[in-house]
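# Breakdown of the fold
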Amino acid sequence: MTRPSGLPDAVRSGVERALGAVRSIHPVRGGCISNTWRVETAGGPVFLKHNDAAPAAMFAAEADGLRALRAAAGEHLRVPAVLALSHDAANGAEDNGGGWLALEWLEPAPGGRDHGERLGRGLAEIHRARDGGWGWERGNWIGSLPQENHPADSWPGFWRDRRLAPQLDLARRARRFPGTEAEWERLFEHLPGLLAAGDADGPSLVHGDLWSGNALSTTSGPAIIDPAVYRGHREVDLAMAALFGGFDRAFFAAYDEAWPLRPGADLRRGIYQLYYLLVHVNLFGGGYVGQTAEMLRQVLR
């Protein structure tokens, strides 16, 4: 067996209790927060994420999100199945080597000509899962930052109190506050009118962190991973997809054909992108502070 340094014996033992004998373990690319591995088991390859510093609930929350997305996904989009995770009663005991999550292995492959189209249509299908109100049954994480999902009565209230305000508080404490307090107060004052389309559309199951690194091309078609799910306005996923690039025109066109957006989506996109920019302010600082302040001013014009 190949055993790279950094994978505790307790993790290997936990995986074997859940999935059977491990034949080999090889590090793979794909994790900027957790270490990632291809684990060969008697039943086939498995994708393993491991983090010895992660809160115990982090991988459980990710597994919960993946299961929800997989249940909602249609024929156009793949979501890896959850096979096992640490601190799971099925493993018989908690592991001492840190948190881990074992997922179905999806074999990478170059994207076909219809990759963007299938991804856009598949995302629209997931967004049509509309059971429940704004929020989620548990908190989760976006990157390494906690994400609050307590239910709210309105979409503008959820976006203000569960998304923008907590990230602003973190930035304020770190002395990375973008823009001015008056500008943010002005935005919050006008959110009910600016985000009225959310209440008009109603809640959708959203991926929550749909940047290009979380959308894969595999031998079985496009796939999405690493969610930060909740029930929110469907436009948040499109806003994140547009923020840093990596999604082609076919993706957006296919989504719009499957489920057209309401008028005013361009303005709302900036409001939703503010959250993701604030997350980057709190994770990385640097130029994201100025970029966030500029986006805020664009939204307020």
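The structure under discussion appears in the preceding block.
The paragraphs below set out a description of the structure included in this document. (Residues numbered from 1 in each chain as written. Predicted model: local features only at pLDDT ≥ 70, side-chain atom pairs only at ≥ 80, totals over all residues. Heavy atoms only, no water.)

## A short note on the packing of aromatic side chains
- Within the structure shown, the criterion is met by 14 aromatic pairs.
- Between Trp-155 and Phe-158, the ring centres sit 5.7 Å apart and the planes meet at 15°, which makes this aromatic pair stacked. With Trp-155 and Phe-158 both in helix 4 (residues 155-173), this residue pair falls 3 residues apart, about one helical turn. Across the pair, Phe-158 and Trp-155 agree in class, each one buried.
- Ring centres of Phe-251 and Phe-252 lie 4.8 Å apart, and the angle between their planes is 75°; this geometry places the pair in the edge-to-face category.
- A relative accessible area of 29% places Phe-252 in the partly exposed class.
- One aromatic cluster is present, formed by Trp-134, Trp-155, Phe-158, Trp-159, Tyr-230, Tyr-272, Tyr-275 and Tyr-276 through successive ring pairs.
- A cation over a ring is seen here: Arg-38 above Trp-105, with NZ or CZ 4.6 Å from the ring centre.
- Looking at Arg-128, its charged tip hangs above the ring of Trp-259, at a distance of 4.3 Å from the centre. (Phe/Tyr/Trp six-rings, centres within 6.5 Å; stacked < 30°, edge-to-face > 60°. Helix = DSSP H or I, 4+ residues; strand = E, 2+ residues; numbered from the N terminus. Buried < 20%, exposed > 50% of the residue type's maximum accessible area, 1.4 Å probe, protein only. Lys NZ or Arg CZ within 6 Å of the ring centre and 35° of its normal.)

## Some points on the pattern of salt bridges
- Evaluated as defined, the whole model comprises 19 salt bridges.
- One salt bridge connects Glu-137 with Arg-231, and the closest N-O pair in it is separated by 2.6 Å. Of this pair, Glu-137 sits in the loop between helix 3 (115-127) and strand 6 (140-142) while Arg-231 sits in strand 11 (residues 230-232), placing them 94 residues apart in sequence.
- Several salt bridges share partner residues, and in doing so they unite Arg-38, Glu-40 and Glu-107 into one network. (Salt bridge = Lys/Arg side-chain N within 4 Å of Asp/Glu carboxyl O.)

## Let's talk about the pairing of strand 10 (residues 221-224)
- As judged from the 4 bridges shared by strand 9 (residues 215-218) and strand 10, these two strands associate in the antiparallel manner. Residue Leu-216 lies in a different strand from strand 10, and its bridge partner there is Ala-223.
- Following strand 9, the chain reverses through 2 residues before pairing antiparallel with strand 10. (Pairing = 2+ DSSP bridges.)

## Quick notes on the sheet that holds strand 1 (residues 22-27)
- Spatial ordering of the open sheet is given by 1-2-3-5-4, a layout of 5 strands whose pairing is antiparallel. Of all strands in the sheet, those with a lone pairing partner are strand 1 and strand 4 (82-85), marking the two edges. Across this sheet, the average inter-strand angle for adjacent strands is 25°, counted without regard to direction.
- In this sheet, strand 3 (residues 44-51) lies alongside strand 2 (residues 35-41) in antiparallel orientation, the contact comprising 7 bridges. Of the residues in strand 3, the one forming a bridge with Glu-40 is Pro-45.
- Contacts from helix 1 (residues 9-19) reach strand 1, strand 2, strand 3, strand 4 and strand 5 (99-104) within the one sheet, and its direction differs from that of strand 5 by about 40°.
- Contacting strand 3, strand 4 and strand 5, helix 2 (residues 56-72) crosses the sheet at an angle of about 20° to strand 5. (Axes fitted to C-alpha atoms, helices over the stretch in contact; angles between N-to-C directions. Contact = heavy atoms within 4.5 Å.)

## Concerning the packing of helix 3 against helix 8 (residues 249-258)
- At a closest axis distance of 7 Å, the pairing of helix 3 and helix 8 adopts a crossing angle of 40°. With respect to their mutual orientation, helix 3 and helix 8 come out oblique. Judged by the twist between their axes, the crossing of helix 3 over helix 8 is right-handed. Contact residues: Gly-116, Glu-117, Leu-119, Gly-120, Arg-121, Leu-123, Ala-124 and His-127 in helix 3; Ala-250, Phe-251, Ala-254, Tyr-255, Glu-257 and Ala-258 in helix 8.
- Grouping the constituent residues of the contact of helix 3 with helix 8 by class yields 8 nonpolar, 3 polar and 3 charged. (Parallel < 35°, antiparallel > 145°, perpendicular 65-115°, else oblique. Left-handed = near helix turned anticlockwise from the far one by under 90°. Nonpolar A, V, L, I, M, F, W, Y, C, P; charged D, E, K, R; others polar.)

## Some words on helix 1
- Those residues of helix 1 that fall on the buried side of the exposure criterion are Val-11, Gly-14 and Val-15. Down the axis of helix 1, the buried set is contained in an arc of 100°. They therefore lie on one face.
- The secondary structure elements touched by the buried residues of helix 1 are strand 1, strand 3 and strand 5.
- Positive phi appears at Gly-20, one or two residues downstream of helix 1, with a value of about 100°. (Arc of directions from axis to C-beta.)

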